[in-house]
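What the coordinates show
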Amino acid sequence: MTTPDRSVADVPSRRVIGIDFGGTGTKGGIVDLDTGELVGERFRIPTPRPATPEKVAEVVEQIVAELQSRPEAPAPDSPVGIVFPAIIKDGVALSAANIDKSWIGTDVDTLMTERLGRPVEALNDADAAGLAEAVYGAGRGVKGLVIVITLGTGIGSALILNGKLVPNAELGHLEIDGHDAETKASAAAREREDMPWKKWATTRLQRYFSHVEFLFTPSLFVVGGGVSKKADKFLPFLELRTPVKVAELRNNAGIVGAALWAGIPHGSED
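Summarised in this report is the structure supplied together with it. (Residues numbered from 1 in each chain as written. Predicted model: local features only at pLDDT ≥ 70, side-chain atom pairs only at ≥ 80, totals over all residues. Heavy atoms only, no water.)

**Topic: the side chain of Arg-118**
In this structure, Arg-118 sits in the loop between helix H2 (108-116) and strand S8 (120-124). A distance of 2.9 Å separates the side chain of Arg-118 from the backbone oxygen of Ser-78, its partner in a polar contact. Residues within four places of Arg-118 in sequence aside, it is in contact with Ile-17, Val-64, Gln-68, Pro-74, Ala-75, Pro-76, Asp-77, Ser-78, Val-80 and Thr-113. (Helix = DSSP H or I, 4+ residues; strand = E, 2+ residues; numbered from the N terminus. Polar contact = N/O pair within 3.5 Å; in protein donor to acceptor, adjacent residues only side chain to side chain. Contact = heavy atoms within 4.5 Å.)

**Remarks on the sheet that holds strand S11 (residues 164-166)**
Spatially, S11-S10-S9-S14-S15 is the arrangement adopted by the five strands of the open sheet, whose pairing is mixed. Edge positions in the open sheet fall to S11 and strand S15 (244-246), since each of these has one partner strand only. Ignoring strand direction, the axes of neighbouring strands in this sheet form an average angle of 25 degrees. Of the pairings in the sheet, the one linking strand S9 (residues 145-151) to strand S10 (residues 155-161) comprises seven bridges and is antiparallel in character. Following the sheet pairing, Val-148 is matched in S10 by Ala-158. (Pairing = 2+ DSSP bridges. Axes fitted to C-alpha atoms, helices over the stretch in contact; angles between N-to-C directions.)

**With respect to the pattern of salt bridges**
Close approach of charged atoms allows side chains of opposite charge to pair. A complete count under the given rule lists six salt bridges for this structure. Residue Glu-193 pairs with Arg-204 through a salt bridge whose shortest N-O separation is 2.8 Å. Linking Glu-193 in the loop between helix H5 (187-192) and helix H6 (197-216) with Arg-204 in helix H6, this pair joins segments that are 11 residues apart in sequence. Glu-213 is paired through a salt bridge with Arg-241; the nearest N and O atoms lie 3.8 Å apart. (Salt bridge = Lys/Arg side-chain N within 4 Å of Asp/Glu carboxyl O.)

Take a look at the structure:
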């Protein structure tokens, strides 16, 4: 399978099911691609233990069946998008974060397509959140390079260049001052070291964002993750040339990004 050149321009006006598969819970929703909003309530099932491909496929099948049974559901043969805490290339998982290691090397697209009997497109979870923010959230309408950074247990990242996703940018694993960046600058690192917000911002985050800014010269940083709810406690202390905005889609970003990835058209594959 060739990685499609997917553009966020000219998104078709239709509904698509998006699934966000995480380490503790797997949730799904019906997304209106015209607005980026969920139609109806999300549906969530705890992620099985161990989270093997077969067991997760069962959960995904249950979630899709529930969503498809609703009157507002899309066509039964419409595509489904699924996001994973893993590097995904050509639909194949190349890593496994907080999920069973048996996912590594699994063709997620093929597995889920066969299980659901409809087209499925898989994507990394940080990429999905970034794509959703670029189209419907804080990065909407911004030209050039938008970098979405999620601060949580680790550091997730997504690169959106002129409306197109550059997938699998693992910027949380940049080596800075001899350390994996996320071991020092993540939200979990702040909590682990009981670090005041200002100190975390002026030392750890400043060092990290300045380095990423130097490498990429982006047009905009979008900061997400659960800690973004308290952005007023740390973002004002950052001194960057690049504008910084807080992510807008919050907990729905993965579902929306999954649906968008499945629903936007394939470009040239020559």
